[in-house]
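Structural features, examined
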Amino acid sequence: MNYESTNVTANRKYKDTMFRMIFKDKKELLSLYNAVNGSHHENEEDLQIVTLENAIYMNMKNDLAFLIDFHLYLYEHQSTYNPNIPLRNLLYVAREYQKLIDMRSLYSSSVIRIPAPKFIVFYNGAKNLPETMFLQLSDSYYTNEPDPQLELKVTMININSNNNQQILDKCPTLREYMLYVEHIRRYLSLPDMSLETAVEYAVSECIKNNILADFLRQNRSEAISMCIFEFGEREQLLMKKEDINFGAEIGVKLVDTLLKNGRSEDIPKVIEDSEYREELIREFNLLPFYL
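First things first, this report covers the structure right here in the doc. (Residues numbered from 1 in each chain as written. Predicted model: local features only at pLDDT ≥ 70, side-chain atom pairs only at ≥ 80, totals over all residues. Heavy atoms only, no water.)

1. A short note on helix α2 (residues 26-37)
Short version of the rule: We count a stretch as a helix when DSSP gives it H or I for four or more residues in a row; a strand needs E for two or more, and each element gets its number in order from the N terminus. In this analysis, the expected span of each helix is defined as 1.5 Å times one less than the number of residues it contains.
With 12 residues, α2 extends 16 Å between its outermost C-alpha atoms, agreeing within 8% with the 16 Å of an ideal straight helix rising 1.5 Å per residue. Residue Gly-38 follows α2 closely and has a positive phi angle near 70°.

Rendered as structure tokens:
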């Protein structure tokens, strides 16, 4: 395939993702909202975007937040499955409400009316997941709470091909975004195909086949750079996770051995000295031993 090379490499200056860059346009976001909700809004002004543009917490940034029909919607996109999205959304929505209300009115005798939140995640990672999943904040609690006093529920919508066809049919841009990602994956599966070349080929082919064509023509360099960074960062995270899991499992076996030999008092020292201290505490619920 002949293509016009842009010689673009991953660049961290791009804080947006492709998904966020496409759907922060009001027209596209309203189309996505209508597809998910089965609604038929036509006036873009019915939707007010309130995404926290400059709010970054622990290197996390929410993708899209908007107000419509007396609700606050938080939309996220995931190309890698992350079960911690309810906890992340808890942090995001608290900041959204802080932005929306006058903090002084919290101490008044009148009830402050706030838009009810709705949390949606659009998933198009390579892992085979159900068409729809529901993730809950209470799944992260140390203890099983039959009636948790703090709960947050997230709906995960799988947008890979052969999933949620009705939503994809109602939002052509979302379908085209899915096809664009599939093009990149297909090229990456070829022998000796570099990430940079795979993204270049995918962009050229999508433009040729009228898939996100206008967007890619207008934002070619940015789109390529963002995708190289996103896909490259994902691979690095997967490699790091494999390394962490291996090291953390060794640490857990050591903790088990100490427990069996009645040496629980040594466990905090083992955790403290471990290269995988945070992972041991988080992934294997060792906080009670550390405390």
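So that's the structure; there's more coming.
2. Description of the pairing of strand β3 (residues 71-78)
So the rule is basically this: When accessible area is computed with a 1.4 Å probe and restricted to protein chains, residues below 20% of their type maximum are described as buried, those above 50% as exposed, and intermediate ones as partly exposed. Two strands are counted as paired when DSSP detects at least two bridges linking them.
Of all eight residues in β3, seven are buried; the element is thus mostly enclosed. Two elements, strand β2 (residues 64-68) and β3, share five bridges in a ladder whose sense is antiparallel. When the sheet's bridge partners are listed, Ile-68 is paired in β3 with His-71. Across eight bridges, the pairing between β3 and strand β4 (residues 116-123) is parallel. Bridging from a neighbouring strand, His-77 pairs with Phe-122 of β4.

3. Looking at the packing of helix α5 (residues 172-188) against helix α6 (residues 195-208)
What counts here: Only the stretch in contact is used when fitting a helix axis, every axis being a line fitted to C-alpha atoms; angles between N-to-C directions are given from 0 to 180 degrees. Roughly parallel means an angle under 35 degrees; roughly antiparallel means over 145; roughly perpendicular covers 65 to 115; every other angle is labelled oblique. Here a crossing is taken to be left-handed if its near helix is turned anticlockwise relative to the far helix by less than a right angle, and right-handed if that turn runs clockwise. Any two residues whose heavy atoms approach within 4.5 Å are treated as being in contact. Polar here means any residue outside two lists: the nonpolar Ala, Val, Leu, Ile, Met, Phe, Trp, Tyr, Cys and Pro, and the charged Asp, Glu, Lys and Arg; Gly therefore counts as polar.
At a minimum axis separation of 8 Å, α5 and α6 run at an interaxial angle of 135°. In terms of axis orientation, α5 runs oblique to α6. α6 is crossed by α5, and the crossing has right-handed handedness. Contacts from Tyr-180, His-183, Ile-184, Arg-186, Tyr-187 and Leu-188 of α5 reach α6 at Leu-195, Ala-198, Val-199, Tyr-201, Ala-202, Val-203, Glu-205 and Cys-206. Taken together, the residues of the contact of α5 with α6 sort by class into 11 nonpolar, one polar and two charged.

4. Regarding the pattern of salt bridges
Inclusion rule: A carboxyl oxygen of Asp or Glu within 4 Å of a side-chain nitrogen of Lys or Arg is what we treat as a salt bridge.
Applying the stated rule across the entire model yields six salt bridges. Residues Arg-175 and Asp-169 are paired through a salt bridge, measuring 2.5 Å at the closest nitrogen-oxygen approach. Looking at Arg-175, the relative accessible area reads 24%, which means it is partly exposed. For Arg-217, the salt bridge is made with Asp-214, and the minimal N-O distance between the two is 3.3 Å. Taken together, the positions of Arg-217 and Asp-214, both in helix α7 (residues 213-218) and three residues apart, correspond to about one turn of that helix. Overall, the relative accessible area of 52% leaves Asp-214 in the exposed class.

5. Description of unusual backbone geometry
Glycine aside, a negative phi is what most residues show, and trans is what most peptide bonds show. The backbone phi angle of Phe-70 is positive, close to 60°, even though this residue is not glycine. Relative to the elements of secondary structure, Phe-70 occurs in the loop between β2 and β3. The class of Phe-70 is exposed, set by a relative accessible area of 78%.

6. Describing the nonpolar core
Counted only if it meets this: Side-chain atoms within 4.5 Å are what join buried Ala, Val, Leu, Ile, Met, Phe, Trp, Tyr and Cys residues into a set we call a nonpolar core.
With 49 residues, the main nonpolar core has Met-18, Tyr-75, Leu-174, Tyr-180, Val-199 and Leu-216 as its most contacted residues. Looking at this core, the element that brings in the most residues is α6, giving eight residues. Those residues within four positions of Leu-216 in sequence are excluded, and the remaining contacts are Met-18, Tyr-180, Val-203, Cys-206, Ile-207, Ile-211 and Ala-223. Counting residues in hydrophobic clusters, the runner-up holds 19 residues, among them Ile-85, Val-93, Tyr-97 and Leu-129.

7. Observations regarding the side chain of Asn-158
Under the convention used in this document: Counting of polar contacts relies on pairs of N or O atoms within 3.5 Å, with two restrictions inside protein: one atom must be capable of donating a hydrogen and the other of accepting it, and residues adjacent in sequence are counted only when both atoms are side-chain atoms.
Positionally, Asn-158 belongs in strand β6 (residues 153-158). A distance of 3.0 Å separates a polar atom in the side chain of Asn-158 from the backbone oxygen of Leu-129. Apart from the residues lying within four places of it in its own chain, the contact partners of Asn-158 are Tyr-123, Leu-129, Pro-130, Glu-131, Asn-163 and Asn-164.

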